Amino acid sequence: MRVEVDHDQCESNALCMGRAPEVFEVRDDDFLYLLTEEPSPELHEKVRQAERLCPKRAITVHG
Ligand code: SF4
């Protein structure tokens, strides 16, 4: 699995972090940081849920 975030679309509302904080982190500077582009298998379902939760459709999951 490979994760991409479209930072032009992201509004830093942290919904993805709420679901998968191992992968998505909104920091004090109000930017979203992708902690890993290739999450380990046990995180895949959470990452897919985060993708579906994102109201801006800023998360794309490949594989
Ligand atoms: S859920 Fe979407 S809009 Fe919100 S912080 Fe995550 S990527 Fe950005």
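- By the naming in an unreviewed UniProt entry, the protein is Ferredoxin FdxD, taken from Nocardiopsis kunsanensis.
- UniProt's Cofactor (unreviewed entry) comment on the protein is quoted here verbatim: "[3Fe-4S] cluster".

### Structural notes on the nonpolar core
In globular proteins that are soluble, nonpolar side chains generally tend to be buried together.
Phase 1: Within the largest apolar cluster, 15 residues are counted, with the highest numbers of intra-cluster contacts made by Cys16, Phe24, Leu32, Val47 and Ile59.
Phase 2: If you list the elements that add at least two residues to this core, you get strand 1 (2–5), strand 2 (24–26), helix 2 (44–53) and strand 4 (59–62).
Phase 3: Beyond its immediate sequence surroundings of up to four residues, phenylalanine 24 is in contact with Val3, Val5, Cys16, Met17, Leu32, Tyr33, Leu34, Val47, Ala50 and Ile59.

### Details of the packing of aromatic side chains
Phase 1: Taken as a whole and assessed by the stated rule, the structure comprises zero aromatic pairs.
Phase 2: The lysine or arginine in question, arginine 27, covers the ring of tyrosine 33, its NZ or CZ lying 3.9 Å from the ring centre.

### Focus on the side chain of serine 12
Phase 1: As for its position among the elements, serine 12 is in the loop between strand 1 and helix 1 (15–19).
Phase 2: A polar contact is formed between the side chain of serine 12 and the backbone oxygen of aspartate 30, at a distance of 2.7 Å.
Phase 3: Those residues in contact with serine 12 that sit more than four places away from it in its chain are Val26, Asp30, Phe31 and Leu32.

### Concerning the environment of phenylalanine 24
Phase 1: Take phenylalanine 24: it is sitting in strand 2.
Phase 2: In this structure, the C-alpha to C-alpha distance between phenylalanine 24 and valine 5, residues 19 residues apart in sequence, is 9.7 Å.

### Observations regarding unusual backbone geometry
Phase 1: Although it is not a glycine, serine 12 sits at a positive phi angle of roughly 55 degrees.
Phase 2: Despite not being glycine, aspartate 30 has its phi angle at roughly 70 degrees, a positive value.
Phase 3: Tracing the sequence through the fold places aspartate 30 in the loop between strand 2 and strand 3 (32–34).

### A look at the site of the ligand
Phase 1: The ligand sits among Cys10, Glu11, Ser12, Asn13, Ala14, Leu15, Cys16, Leu32, Cys54, Lys56, Ala58 and Ile59.
Phase 2: Looking at the shell around the ligand residue by residue, the class counts come to eight nonpolar, two polar and two charged.

### Considering helix 2
Phase 1: Those residues of helix 2 that sit buried are His44, Val47 and Ala50. Projected down its long axis, helix 2 shows its buried positions confined to an angular sector of 120 degrees, all on one face.
Phase 2: Close packing links the buried residues of helix 2 with strand 1, helix 1, strand 2 and strand 4.

Cut-offs and rules
Residues numbered from 1 in each chain as written. Predicted model: local features only at pLDDT ≥ 70, side-chain atom pairs only at ≥ 80, totals over all residues. Heavy atoms only, no water. UniProt positions renumbered as here; feature names shortened; annotations may be inferred. Core = buried A, V, L, I, M, F, W, Y, C linked by side-chain atoms within 4.5 Å. Buried < 20%, exposed > 50% of the residue type's maximum accessible area, 1.4 Å probe, protein only. Helix = DSSP H or I, 4+ residues; strand = E, 2+ residues; numbered from the N terminus. Contact = heavy atoms within 4.5 Å. Phe/Tyr/Trp six-rings, centres within 6.5 Å; stacked < 30°, edge-to-face > 60°. Lys NZ or Arg CZ within 6 Å of the ring centre and 35° of its normal. Polar contact = N/O pair within 3.5 Å; in protein donor to acceptor, adjacent residues only side chain to side chain. Near = heavy atom within 4 Å. Nonpolar A, V, L, I, M, F, W, Y, C, P; charged D, E, K, R; others polar. Arc of directions from axis to C-beta.

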